Amino acid sequence: MTPRQRRMIWVAVIITGVSLATFLALAAFQKNLLYFYTPSQVQAGEAPTGYAFRVGGLVEKGSVKRQPDSLAVRFTLTDGNAKVTVFYDGILPDLFREGQGIIAIGQLQPDGLFKASQVLAKHDENYMPPEVADALKKTGAMPTVDEFKGANR
Amino acid sequence: MIAEFGQLALVIALLMAILQAVFPLAGAALKVPIWMAVARPAARAQFLFLAVSFYCLTQSFISNDFSVRYVAEHSNSALPLMYRIAAVWGAHEGSVLLWALILGLWTAAVSIFNRGLAEPFVARILGIMGLISIGILLFILLTSNPFERLIPMPPDGRDLNPLLQDFGLAVHPPMLYMGYVGMAVPFSFAIAALLSGSLDAAWARWSRPWTLIAWSFLTLGITLGSWWAYYELGWGGWWFWDPVENASFMPWLMATALIHSLAVTEKRGAFKVWTVLLAIFAFSLSLLGMFLVRSGVLVSVHAFANDPERGLFILIFLGLVIGGSLLLYALRAPAVKDHARFSLFSRESLLLLNNILLVIAAASVLLGTLYPLVLDALKLGKISVGPPYFSSVFTPVTAPLFVLAGIGPLVAWRQGNLAKLWRQIRWFIPASLIAAAIITSIWFDPKQIKSFAALACAIWLASTSLLPLAQRVHLRQGWRGLKQPTGFYGMTLAHFGLAVFLVGVAISNHYSTEKTVRLAPGDSAQLGDYRFVFQGVTEQEGPNYTADEGTFEIYAGNEKIATLKPQKRFYPVQRNIMTEAAIDPALSRDIYVALGEAMEDGAWSVRLYVKPAVRWIWLGGLLMMGGGLLAAADRRYRAIKPARQADTLTEHALTVKG
């Protein structure tokens, strides 16, 4: 085998490998991209049903309702403009509190209930998920830093 | 005063770094020996002043000097001493200082352990490292000064993030940084070799032990990080494909490719150009990792700072390093001739395949990590890429690696013999499958095809990785066969460690069971073979927190095997709540309990996990690290005679003539 042929075989192997990997990556990408929607977008019907996405906002004060004998919980997420009711069956993160900015991952049910598979809050009192911060800024519901800290103190 | 000393020492260190970069590089280019001689003393002095500076910051933490802003923001007088010391690198400014200190340490080490290297070559390596150091020190002094004063001085500090108040903080970042920053050494070797035009086997031989040591630290750092996240985050997972984890994993993949490619370059003189490129990529990805973590583009437990100025600085620095080195590469690499010939089936080819797979794996991680950031920066929408993406891409790309790692060492350099290989390994294929079938059907469920396949791969790799050793013993008829270079044992151990790691992944990922339950005192829950009896919650006082401590008695059948006391801690300074899981560890399985939230009537929501073989994951990581260190300790790297160097390093010959 000449060096040229050998090189060509290697080039072929590499190209096949890379294209296979690209194909795998893109196929997996398609399935696993999670888009972010604000409560306003959800209410306006822009968010898909039957497809997982993320929704974020502030947990409305006084909206957290637990079922007495299970871990199921319902609460309302708001961006100041619109609201989404979230249902979640599981353990909420340590820093989940009313008034806190959080992100829920899950699917929108046909009746408008957001069934969350995961609820994320961060381990930092001053932290606000950037998506939530943007959404709140748009509606003008962003608490000022002092308010925000005060709400947690 | 001590903070000002620290600041002063930092400025002097910067001056030393400038000396260390300018004179040696200019001296090597213009062939002025006296300029080149600046390199070593400047490098050591730089390290000394960095150490002084670091000590000053540590002292400020120990003595609770809250007039230093960084201390005030990340420490507290109630914080235990061990965490006050670890808190030095618990946030942005201090961790960059640690980065600089470790770079200084590596530089000083290179300035000492370089016997036999040609003087201009040493000058260039240290010069390059000096340039990197200038960048980092400027970054600290201009954007992230840890010694900044806070006036008026607050009465007490705002405390370290409770998540970080753990032994893990004491060990994970320093080890990880040793690995990250250690990649600067092969990078500098590569750039120096490009500059001097002497890319040869000797260069690879010099670069190899450094790369192996850095790789070992990186392996250890990632392993520790995974173990820490496992017990601290309370979710029972050991890897989350979090962008920050990926930031450390990408350099690891590149560095793994690099150590294999260096082997070819050293032994066979092939892949020179490719090896240089890998060295550049490995360090670039380390820097990219720093950018991702430090710039605030990522949000995670690791992302401390949200300062666009810092991000811009690192981005420019990153651009200079990557752009500059790739430009140099483009100018110089085409002149390097790869003479080595090897057949399509040879150890070289298999190692090339290893490299391709590792690079593809790194690229797929890079895509998943950067794509959401790019999309967001271009205002095309906010997305995130979930862990399923990574596992579905990563598994098919890396699976061949596990199979190939068992074969590679059995195949000869240059021209392998396929028939001979087949004779050696044919029984291992059915044996691995049968062993996996037996193990899964005794303890687990053999119908889980993925874990069955992964387990068979692991058994295959474990047994074939020991095969070369067995052959050598057989060949020499006894114990004399055990007398092999440590490099050989290093490889064997690392490959065996990879198999152990894979056993852990295969079993714990597929056969772990978990349950989220609501338990009132006296209630019990069954999970697999274990019964968890909840005895209620008591209040405990920690040094700087209060805790609700649950008591769980674990029964296997009627026998009580453990009492676990998970906590829910409240840290009053930051008003933070923290879950502290309790684990009953064993090689066969971990029993893991984490408290959720308090419900009415003393009931709690509780997470229960039984995770079989999860410890094997970290055991495998430790074995791989051990293998790397063993390989780096090979006598071959210490026994290089200066005279032989003169033959191979053309540079040396030039200076002797000149």
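Residues numbered from 1 in each chain as written. Chains lettered and ligands numbered in written order. Predicted model: local features only at pLDDT ≥ 70, side-chain atom pairs only at ≥ 80, totals over all residues.

J.: Got a minute to help me understand the overall build of chain A in this structure?
T.: Along chain A, the regular secondary structure elements total four helices and seven strands. Across chain A, helices and strands are ordered from the amino to the carboxyl terminus as α-β-α-β-β-β-β-β-β-α-α. Taken across its 153 residues, chain A has 29% of its residues classed as buried. (Helix = DSSP H or I, 4+ residues; strand = E, 2+ residues; numbered from the N terminus. Buried ≥ 20, exposed ≤ 12 C-beta atoms within 10 Å, placed from the backbone.)

J.: Is there a simple way to think about the overall build of chain B in this case?
T.: Of the regular secondary structure elements, chain B holds 23 helices and 11 strands. In terms of C-alpha radius of gyration, chain B reaches 27 Å, essentially the compact-globule figure of 26 Å for 658 residues. Along the first, second and third principal axes, the C-alpha set of chain B runs to 90 × 75 × 55 Å. Counting across all 658 residues of chain B, residues that qualify as buried make up 53%. (Rg over C-alpha atoms; globule rule 2.2 N^0.38 Å.)

J.: Got a minute to help me understand the interface of chain B and chain A in this structure?
T.: The parts lose accessible area when they come together, and the size of an interface is often stated as this lost area. If you look at the interface, chain B gives 34 residues, while chain A gives 33 residues. At the level of elements, helix H14 (347-377), strand E1 (383-385), helix H15 (387-407), strand E2 (513-519), strand E8 (576-580), strand E10 (589-598) and strand E11 (604-612) of chain B are the ones that each hand at least two residues to the side of chain B that touches chain A. With six residues, H15(B) is the single largest residue contributor to the side of chain B that touches chain A. Tallied by class, residues from the side of chain B that touches chain A come to 16 nonpolar, 12 polar and six charged. Alignment of strand E1 (residues 33-37) of chain A against E1(B), held across three bridges, turns out to be antiparallel. (Contact = placed C-beta atoms within 7 Å. Nonpolar A, V, L, I, M, F, W, Y, C, P; charged D, E, K, R; others polar. Pairing = 2+ DSSP bridges.)

J.: When you look at the sheet that holds E10(B) in this model, what are you seeing that I'm missing?
T.: Backbone-to-backbone hydrogen bonds pair the strands of a sheet. The strands run either parallel or antiparallel. All names here are of chain B. As summarised here, the arrangement of the four strands in space is E2-E11-E10-E9, forming an open sheet in which the pairing is antiparallel. Edge positions in the open sheet fall to E2 and strand E9 (582-584), since each of these has one partner strand only. Direction aside, the axes of adjacent strands within the sheet are offset by 20° on average. Bridge analysis of E9 against E10 gives three bridges, and the strand direction is antiparallel. Across the sheet, isoleucine 583 pairs through a bridge with tyrosine 592, a residue of E10. (Axes fitted to C-alpha atoms, helices over the stretch in contact; angles between N-to-C directions.)

J.: How should the nonpolar core be read in this particular structure?
T.: Among soluble globular proteins, nonpolar side chains are generally buried collectively. Formed by 216 residues in total, the largest nonpolar core has its most connected members in B:Met254, B:Ala458 and B:Leu502. In terms of residues, this core owes the most to one element, helix H10 (residues 201-232) of chain B, which gives 18 residues. Excluding residues within four positions of it along the chain, B:Ala458 makes contact with B:Ala499, B:Leu502, B:Val503 and B:Ala506. A:Val42, A:Val55, A:Val59 and A:Ala116 belong to the second largest nonpolar core, which has 23 residues in total. (Core = buried A, V, L, I, M, F, W, Y, C linked by C-beta atoms within 7 Å.)

J.: How do you make sense of the packing of helix H7 (residues 119-143) of chain B against helix H9 (residues 184-196) of chain B when you look at a structure like this?
T.: How two helices sit against one another is set out by the angle between their axes and by the gap between those axes. Residue and element names in this part refer to chain B. Put simply, H7 and H9 touch, their axes get as near as 8 Å, and they point 125° apart. By the criterion of interaxial angle, the relationship of H7 to H9 is oblique. As for the relative orientation of H7 and H9, their crossing is right-handed in sense. Facing Pro120, Phe121, Arg124, Ile125, Ile128, Met129 and Ile132 of H7, the residues of H9 in contact are Ala184, Ser188, Phe189, Ile191, Ala192, Leu195 and Ser196. Its residues assigned to classes, the contact of H7 with H9 comprises 11 nonpolar, two polar and one charged. (Parallel < 35°, antiparallel > 145°, perpendicular 65-115°, else oblique. Left-handed = near helix turned anticlockwise from the far one by under 90°.)

Function cannot be read off these values alone, since they describe shape.
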